[in-house]
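# Report on the structure
So you can see what is in the structure, the chains are spelled out below.
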Amino acid sequence: MATSTRGETLPYAQQGAFLRAKRTARLDGLKVAEVARLFAEMTRRKFSRNNIDHWESGRREADDHQVVVLALIYRNIEPNELEHDMGRPGAARLLERVREHGAPELGIPAPHAVPAMHPALDLDQLTDRQRRQIQQIRAMRDTTPAEQDRMIASLLKHYESTADLVDVQLGIDTA
């Protein structure tokens with residue numbers, strides 16, 4: 001067990017360390033204040049960043065519903081981790097149920113109600129945009145072909161790096 005600066009035993013330190021690690025592992029650098037804001041939005045209740053600080057430090061324990069809301073916000077926590085790494089089988093079952101059936105009270109529809117692809121996302125538009133960007137680079141009159149090649153290589157490397165980061169965030173094995 002961990003202890004506080006005053007020598008107190010912190011009974012929930014392991015759970016807090018798990019939650020902190022999951023929050024900080026996010027690629028977008030999710031801050032405690034942002035988690036508190038998202039938590040309040042999801043639950044439609046006032047929520048203080050102090051709650052997260054207390055949970056992450058191990059001074060207090062989040063209940064199963066609160067842990068599930070964090071899992072939904074963080075998007076990098078699996079039910080088996082809640083059960084085995086955090087010792088929270090109830091939260092693990094609840095997260096599975098929410099993922100399978102949704103949570104209308106949190107504004108989370110059942111998976112079958114979610115379209116496979118967001119209607120605003122058109123993959124052809126994405127590739128057309130990339131083509132246009134490359135065409136724009138090629139059309140630049142004040143650059144040499146070698147400079148244009150470097151710019152295109154940099155652009156494509158940026159796209160690839162972004163895709164790699166998303167793969168890591170989603171847990172996709174690209175090896």
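Residues numbered from 1 in each chain as written. Predicted model: local features only at pLDDT ≥ 70, side-chain atom pairs only at ≥ 80, totals over all residues. Heavy atoms only, no water.

### A short note on unusual backbone geometry
With a phi close to 60 degrees, R44 is a non-glycine residue in the positive phi region. Tracing the chain through its elements places R44 in the loop between α2 (32-43) and α3 (49-57). With a relative accessible area of 58%, R44 lands in the exposed category. For R75, which is not glycine, the phi torsion reads 60 degrees and is therefore positive. (Helix = DSSP H or I, 4+ residues; strand = E, 2+ residues; numbered from the N terminus. Buried < 20%, exposed > 50% of the residue type's maximum accessible area, 1.4 Å probe, protein only.)

### Comments concerning the environment of M151
On the secondary structure map, M151 appears in helix α8 (residues 145-170). Considered as a pair, M151 and I134 are 17 residues apart in the sequence and their alpha carbons are 8.8 Å apart. The contact partners of M151, leaving out residues within four places of it in the chain, are I137 and M140. (Contact = heavy atoms within 4.5 Å.)

### Things to note about the packing of aromatic side chains
Under the definition given, this model contains three aromatic pairs. Taking 3.9 Å as the distance between ring centres and 20 degrees as the angle between the ring planes, the aromatic pair formed by F39 and F47 counts as stacked. The exposure class assigned to F47 is buried, which follows from its relative accessible area of 18%. Members of the aromatic cluster, joined through ring pairs, are F39, F47 and W55. (Phe/Tyr/Trp six-rings, centres within 6.5 Å; stacked < 30°, edge-to-face > 60°.)

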